[in-house]
Every structure is written in C-alpha cells, then in structure tokens.
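Chain residues, written in single-letter form:
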Amino acid sequence: MSDILLDVRDLTTHFRRPDGLVYAVNGVSFQVRRGETLGIVGESGSGKSVSVLSILGLIGENGKVVAGTAEFEGVDLLKLNRHEMRAVRGREIGIVFQDPMTSLNPIKRVGQQVMEVMLVHRLCSKQEAWDRAVALLEEVGIADPHRRMKNYPFELSGGMRQRVMIAIALACQPKLLIADEPTTALDVTVQMQVLSVLREAQVNRQMSTIMITHDLGVATNLCDRVIVMYGGQVMESAPVEEFVRHSAHPYSRALKSSILEIGSRGRKIAPIPGNPPVMIEPPRGCPFADRCLLVTDRCRDEIPDLRIIAQEHVVACHRAEEVLEHVAQ
Amino acid sequence: MSHSELLVVENLSKTFKVPGGTLKAVQNASFTLGPAKTLGLVGESGSGKSTLGRAVLRLIEADSGSIVFDGVDIRSLSTKELRLKRKDMQMIFQNPLSSLNPRMTVERNIKDPLIIHNIGDAKERSHRVRELMERVGLSENMARAYPTELSGGQQQRVVIARALALNPKLIVCDEPVSALDVSIQLQIISLLQDLQREHNLSYIFISHNLAVVEYMSDAVAVMYLSEIVERAPVDELFAHPQHPYTRVLMQSVLKVPESLAQRSTFSTLPGEIPSPINPPSGCPFHPRCPLATDICRTTKPEEKMVGDQHQVSCHQAGVTAQVI
Ligand SMILES: Nc1ncnc2c1ncn2[C@@H]1O[C@H](COP(=O)(O)OP(=O)(O)OP(=O)(O)O)[C@@H](O)[C@H]1O
Ligand SMILES: Nc1ncnc2c1ncn2[C@@H]1O[C@H](COP(=O)(O)OP(=O)(O)O)[C@@H](O)[C@H]1O
Ligand code: SF4
Ligand code: SF4
Ligand SMILES: [Mg+2]
Ligand SMILES: [Mg+2]
C-alpha cells in the first residue's frame, strides 16, 4: 500500500466570466500522506478552495479543470464520471465547508442528515445509523446528543452546526477529511473547541486531513505539513517545524511577519505593499513579483519551478537559497 | 480629570425588543477616552461591541446613561444639533461596501459629506478629495471608478478617506480590518495609526482579535454578554489580566509555534456565550467559568478597582491571579 493517499499533479482550473477567463489554479501539485494533516494556507483568491473543489468535481458550470491529475489511492478522481464521483465524495472523502448553514439542509433535522449520509452509501441499517449518528454527535462534543438529533439547524449555534458538519463528514469513516476554513466564521473560544475536535478525530481515526485556512496560526498549530499558495500556485511546502524555522519563500516570510501576535505592541510593522494578483491573465513569471522586495528581471519572465531545497521541503522561488542564507546570518 | 477627556460615557444601556422578550445588548457601560487615544473593545460575537459603538455616536438611541463628547452632553442634543456634532464623530464598518454608495464614483463618495455639510465650493471640494485620496493611498485614476471595481482593501481606504473629510475628532472603527486579508490588514492598521498621529484622532477600535486590539489601543475594555467585565490601560491589562474571561481570550489567540513542543493544546472554555434574552443569574460568566463558586451563581459582582485605572467585575478578582 502506497504511503501517498492523494497525489495531485499540475492541476489547472479556469473559470469563464463575462469579461474573460479567470486563471484560478495554475499547475498545482501536492501530496497527502496517510495519516497526515496537511495545511493549505494563503490569502483569499489564492486558489485554495478551487484546488480542492476541482478534485472533488464540485466547481460550478463556468469552471473547467483544463489539466492535471488527482490520484486517490491510485485512481484519478478527475477521470471519474458523476456517478463514480458520488461514491467517493462523502464516503472515502469527507468534506466540511466554512459556512455550515449553506451546507446543511435547513428543513431537515440534524440527526436525519447525519444518518442520511450513511444510508445513501448503504453502510448500515436505519436503526444502526441512528445509534452511530448519536455516537458521532457525542464524538464531536455535542452535549445531550439524543435530544440534539431532533433539532433543526436553525436551533443550533454556529459552533454547533459546524460540529454537525464534522459529524456528517466523519460518518462514513473517510480516509481523507477536507476542511475548507471550518473555523473562520467562529469566535475564538469556539474555534479552539472545533480545532480540538478535529485534532482528536484525526488522532483516533488515523485518517488524513486537508485543512484549508488563511490563518497561519491555525495551520501551524494543527498540521504536520504546510503548503503556501499564492496566485493559484504553490509557493512552498514543508513539514511544519521546517516551515516555521526555515521557510525559504519571500512570500511565506512576509506572511509570517504580517501576523500580529499578543506582544507585538510597539513593534514596527512593515506591511507587504500592493494587492494580491487578480488572475485575469495567464501566469507569466512569479505571481509574487509585483510585491516582492527581492524581485529581479528573471522573476517577471520565468515562472519559478517548484524545486527541492531541503528534505521534504519544496519552494518556487528563483532566489530561495539567498533567502535562507540571509536568514542564517 | 474628566475635562481632559474627549469622551466620557457613563452607565450607558441599550435594550432591544425582540420576539422572545427583551434583549439587553449593552448594560451600564462606562469608559473615558482622551484626545488622540484609542480605546479597544474586544469580546465575542454578540457581546454588544457594535451596539455600544453605535449608541455612543447616537446612530441608535441608548435607553439610559450619559455621553459627554468634547464637553457636550450628546444625549440631550436635538436632531439638528446632533447633525452638526456628527462632523466630529465618524464611523467605519467591517464591510466597506455597506457604507459606500455603489452608484457613485469613488470621488463622489468621498465628496459626499462635504456636500451634505456644505463645505467649500466645487473647486475646493475636488481639491480636498484629491488630497484625501492621496493620503489614504488611492491612486488618482481610481477617482472615477465605482466601489465594486475596487478590492476590499481599497474600498476600506475610500471609507477612511470619507470619514476623514470633515476632520473628525473621534472615529468608531467597527472591525475595520476583519474582512481583509492579513497583508492588507496590516496596511490599513498602519494607515490608521499614521492618521491618528497626524490629526490627533481618537479611536474606539472594535475587534474580536485581541492581538490587533493590543497593537492599536491605549486602553482596552473586554465585553462579555453585554457588559464591560474588565477595563484597563493596555499594558496593565495584558500583564495582569484579572477576569477569568479575559485570560481565556488571551489564551485563545493562536501563535505560530517555534517548535512542535510549543503547539497549542486547544484547551478552552466549555460551552458558548448564552442568549442575552435570558442571561444567567449572578455573574453572567458563571456557567462557563472554571472559578465559579456559589456566590457567583446568585450575586452579580460589583465593578472594583484592582490597580491604577484597572477595573474588573469578578468576585474573585485579585484573589485568583495564578489559577487559570
Ligand atoms: N437592531 C437590533 N435588534 C435586536 N437585537 C439586536 C439589534 N442589534 C443588535 N442586537 C443584539 O444585541 C446583541 C449585541 O449585538 P452587537 O451587534 O452589539 O454585538 P457585537 O459584539 O458587535 O457582535 P459581533 O462581534 O458579532 O459584531 C446581540 O445579541 C444582537 O443580536
Ligand atoms: N465560480 C467562480 N467563477 C469565477 N471565478 C471564480 C469562481 N470561484 C472562484 N473563482 C476565482 O478563482 C480564484 C481562486 O478562488 P478560491 O480558490 O476561492 O480562493 P481561496 O484561496 O480564497 O479559496 C479567485 O480569483 C476567484 O475569484
Ligand atoms: S521568484 Fe523572484 S519575485 Fe518571486 S518570490 Fe522569488 S525573488 Fe520574489
Ligand atoms: S464572578 Fe465568579 S463566575 Fe464570575 S468571573 Fe468571577 S469567578 Fe467567574
Ligand atoms: Mg476559499
Ligand atoms: Mg459587531
């Protein structure tokens, strides 16, 4: 059995808009190991969501995966038809989105919704599904699960709805859980509760997780490995410890110094100038070039390849060695 | 003391009538704010931050309490007098688009308050708009753009330019950077700080992000379930947080760890903020407080002073500093 559960290569996704094409994802490659929690971080519009939605066959009518492969246990998900994809989604791969209100059915009791995913995939009988659903609600930290089974989504708080979404995602014992900004809309104390549930589930079930977040704090505290995206491309990927100590991409470094932490008071802040790219033209050169302090002519003409710079550490920057050297000094 | 303050708020309360009863959104809020200073307001969703900020500007009418701004009792002003005073008090919201007119150009949006208050002639106004745009970092070619054609960060710059147009003394900033990407957040924070220095602006800076509030503020008020539960100068609050809720909030800010050993355990409070329609008896925090005792369940704690300008509403304050 391969150690790699999901192997994404050269994924490229475009959208049609009235005013032209959007180059949302441009040649993204990454792997997810068995049992690993992978964090994908980046600012809004960097292509995080579109990358996973492409893999899951969930991009809208106006979107198209124009190139790439996404092998899940050796099977290319991008080649599956709708029917085959439905057998994978929700069963082999569980999904949690940012806004549970839009993914839960407002007029169905939450217990019913947790049971349904097991019944659709014919995992068990109705009676057994009820018992399992109760156990799942308990696992995700919902008190009094028997009573909660009968609630409608509007009767639950945002944090509780997100727990229900996680219960649904876990119901079929997926090999991979994909969570797209699951705590972004939550208060800090509730965010901590939900992160704790995710970590527990991850440890107890030995599944793999992709955690998409724009919050470096969340990614570095929860994940084993971190990928940084920008302009629809992967800028850097490294084990978390390597990432926090020796990130080699100017954008990763800028991102880290952009975070205010408690104790930052009085610190001189140096914001990254400019705005993220709008991606209405095909990528040419490094997407970060307009905002990078180290930019050279080469950066504007030649897309930097993702290359290995240390063990398990890849980076897409023409000047990564210099970045590392500079930091070492 | 109070004559050196720009703003003195005392016992401000606001309730809303809602289907299940009466919702106490803000209860007995008191604070002072000096010229060119920033008061940070933190607390979880629904704790009453925005309601307090709006009530101070009389964008909504408080039920009771007093607001003295620049020596004037704001709550006793007539609508007409209030309109004049509004020049000095502006507000910036989280979602910039909600406060801009989508059918007007950037230039016209910024010019609007000058027209409303009948300031300057056409030429002077145009000149002022250019000046403001340059100051907040908007390039001249954006003047004719419409708000929806700009990025979120640029839209927020337009809102800031418009708020500055009348040379206010106070700006209530309600989550001004929460909807923006981190790199853009820092740009806006830096801009707000520079503008404060240049124009002696006072800010009420509302945010649920404690690190951002610490960075921006001279003093901080922590709200929980419609009450200010702790208030202190920023250094004092972060060095000696007294309320159990304040301490939990501080622990809930995730830091990028330097090693795996330093990673967060994600430990936090149980439960969630209760409904303000039916708040708990005694101390509003008692159902979630790890230090709660019998008295907490029955008796509301009085606000007490525990240090220089440091106020806290907790029975155990001062006694328990090391426990959580
Ligand atoms: N117009 C209104 N009618 C009824 N209830 C209201 C109204 N405005 C606010 N509330 C309620 O008052 C309480 C305080 O709300 P407020 O918006 O001030 O909280 P907040 O601290 O700003 O929260 P957030 O962090 O979500 O912005 C909440 O329970 C809210 O639902
Ligand atoms: N349905 C869509 N139609 C057109 N453009 C889209 C659509 N979905 C996403 N995009 C664009 O694709 C790019 C990447 O978006 P996304 O993956 O959602 O970013 P994020 O990293 O914030 O998740 C953005 O420029 C976005 O505007
Ligand atoms: S390739 Fe060039 S522009 Fe891009 S991050 Fe590296 S140095 Fe900066
Ligand atoms: S008064 Fe009691 S319940 Fe309230 S915060 Fe203090 S210790 Fe906790
Ligand atoms: Mg997204
Ligand atoms: Mg608010």
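Look up a bit, the structure's there.
Residues numbered from 1 in each chain as written. Chains lettered and ligands numbered in written order. Predicted model: local features only at pLDDT ≥ 70, side-chain atom pairs only at ≥ 80, totals over all residues. Heavy atoms only, no water.

## With respect to the sheet that holds strand β4 (residues 64-69) of chain B
Hydrogen bonding along the main chain pairs the strands of a sheet, whether they run parallel or antiparallel.
Residues and elements named next belong to chain B.
Thinking step 1. The 4 strands are arranged β2-β1-β4-β5 in an open sheet whose pairing can be described as antiparallel. The strands lining the two open edges of the sheet, one partner per strand, are β2 (21-33) and β5 (72-73).
Thinking step 2. By the bridge criterion, 9 bridges tie strand β1 (residues 7-18) to β2 in an arrangement that is antiparallel. Counterpart to Phe16 in the pairing with β2 is Leu23. (Pairing = 2+ DSSP bridges. Helix = DSSP H or I, 4+ residues; strand = E, 2+ residues; numbered from the N terminus.)

## Some remarks on the side chain of Arg125 of chain B
Residues and elements named next belong to chain B.
Thinking step 1. Structurally, Arg125 is set in helix α5 (residues 122-136).
Thinking step 2. The charged side chain of Arg125 is buried without a salt bridge, its nearest counter-charge being Asp121 at 6.9 Å.
Thinking step 3. Contacts of Arg125, omitting those with residues within four sequence positions, involve Lys111, Leu114, Ile115, Asn118, Ile119 and Gly120. (Buried < 20%, exposed > 50% of the residue type's maximum accessible area, 1.4 Å probe, protein only. Lys, Arg positive; Asp, Glu negative; His and termini not counted. Salt bridge = Lys/Arg side-chain N within 4 Å of Asp/Glu carboxyl O. Contact = heavy atoms within 4.5 Å.)

## Side note on the interface of chain A and chain B
Buried accessible area, meaning the area lost when the parts come together, often serves as the stated size of an interface.
Thinking step 1. Taken together, the 49 residues of chain A in the interface contact 48 residues of chain B.
Thinking step 2. Interface area for chain A against chain B, summed over the two sides, is near 4,000 Å², with a carbon-plus-sulfur share of 57%.
Thinking step 3. Together, Met192, Ile262 and Arg265 of chain A form the three largest contributors to the area buried by chain A at its contact with chain B, with a combined 20%.
Thinking step 4. Summed over the shared surface of chain A and chain B, the result is 2 salt bridges.
Thinking step 5. Counting every contact that joins chain A to chain B gives 25 residue pairs in polar contact (both at pLDDT 80 or more).
Thinking step 6. Going through the elements one at a time, α7 (158-170), α8 (188-205), α9 (216-222), α10 (240-246) and α11 (250-258) of chain A are the ones with two or more residues in the side of chain A that touches chain B.
Thinking step 7. In terms of residue count, α8 of chain A provides more of the side of chain A that touches chain B than any other element does, 9 residues in total. (Buried area = accessible area lost by both parts, 1.4 Å probe. Polar contact = N/O pair within 3.5 Å; in protein donor to acceptor, adjacent residues only side chain to side chain.)

## Observations regarding the pairing of strand β7 (residues 176-180) of chain A
Residue and element names in this part refer to chain A.
Thinking step 1. For β7, a buried count of 5 out of 5 residues is recorded, marking the element as mostly surrounded by other parts of the structure.
Thinking step 2. Going residue by residue along β7, you find Leu176, Ile178 and Asp180 tucked away on one face and Leu177 and Ala179 tucked away on the opposite face as well.
Thinking step 3. With 4 bridges connecting them, strand β6 (residues 93-96) and β7 associate as parallel partners. Looking at the pairing, Val96 lines up with Ala179 of β7.
Thinking step 4. Sheet analysis places β7 next to strand β8 (residues 208-213), joined by 5 bridges and oriented parallel. Across the sheet, the residue bridging to Leu176 is Ser208, located in β8.

## A look at the packing of helix α4 (residues 110-120) of chain A against α7 of chain A
All names here are of chain A.
Thinking step 1. Contact geometry of α4 with α7 gives a least axis separation of 8 Å together with a crossing angle of 20°. Classified by the interaxial angle, the pair formed by α4 and α7 is roughly parallel. Of the two possible hands of crossing, α4 and α7 adopt the one that is right-handed. Listed contacts from α7 to Val110, Gln113, Val114 and Val117 of α4 are Val164, Ala167 and Ile168.
Thinking step 2. Here the residues of the contact of α4 with α7 sort into 6 nonpolar, 1 polar and no charged. (Axes fitted to C-alpha atoms, helices over the stretch in contact; angles between N-to-C directions. Parallel < 35°, antiparallel > 145°, perpendicular 65-115°, else oblique. Left-handed = near helix turned anticlockwise from the far one by under 90°. Nonpolar A, V, L, I, M, F, W, Y, C, P; charged D, E, K, R; others polar.)

## A word on the packing of α11 of chain A against helix α7 (residues 182-199) of chain B
Thinking step 1. For the pair α11 of chain A and α7 of chain B, the least separation of the axes is 9 Å and the interaxial angle reads 50°. In terms of their interaxial angle, α11 of chain A and α7 of chain B are classed as oblique. α11 of chain A and α7 of chain B meet at a crossing whose hand is left-handed. Between α11 of chain A and α7 of chain B, the residues in contact are Leu255, Ser257 and Ser258 of chain A and Val182, Ser183 and Leu186 of chain B, respectively.
Thinking step 2. Its residues placed into classes, the contact of α11 of chain A with α7 of chain B shows 3 nonpolar, 3 polar and no charged.

## A look at the site of ligand 3
Thinking step 1. What surrounds ligand 3 is the set His249, Pro250, Cys286, Ala289, Cys292, Leu294, Cys299, Pro304, Cys317, His318 and Arg319 of chain A.
Thinking step 2. In terms of residue class, the shell around ligand 3 is made up of 8 nonpolar, 2 polar and 1 charged. (Near = heavy atom within 4 Å.)

The analysis is restricted to geometry; functional conclusions fall outside its scope.
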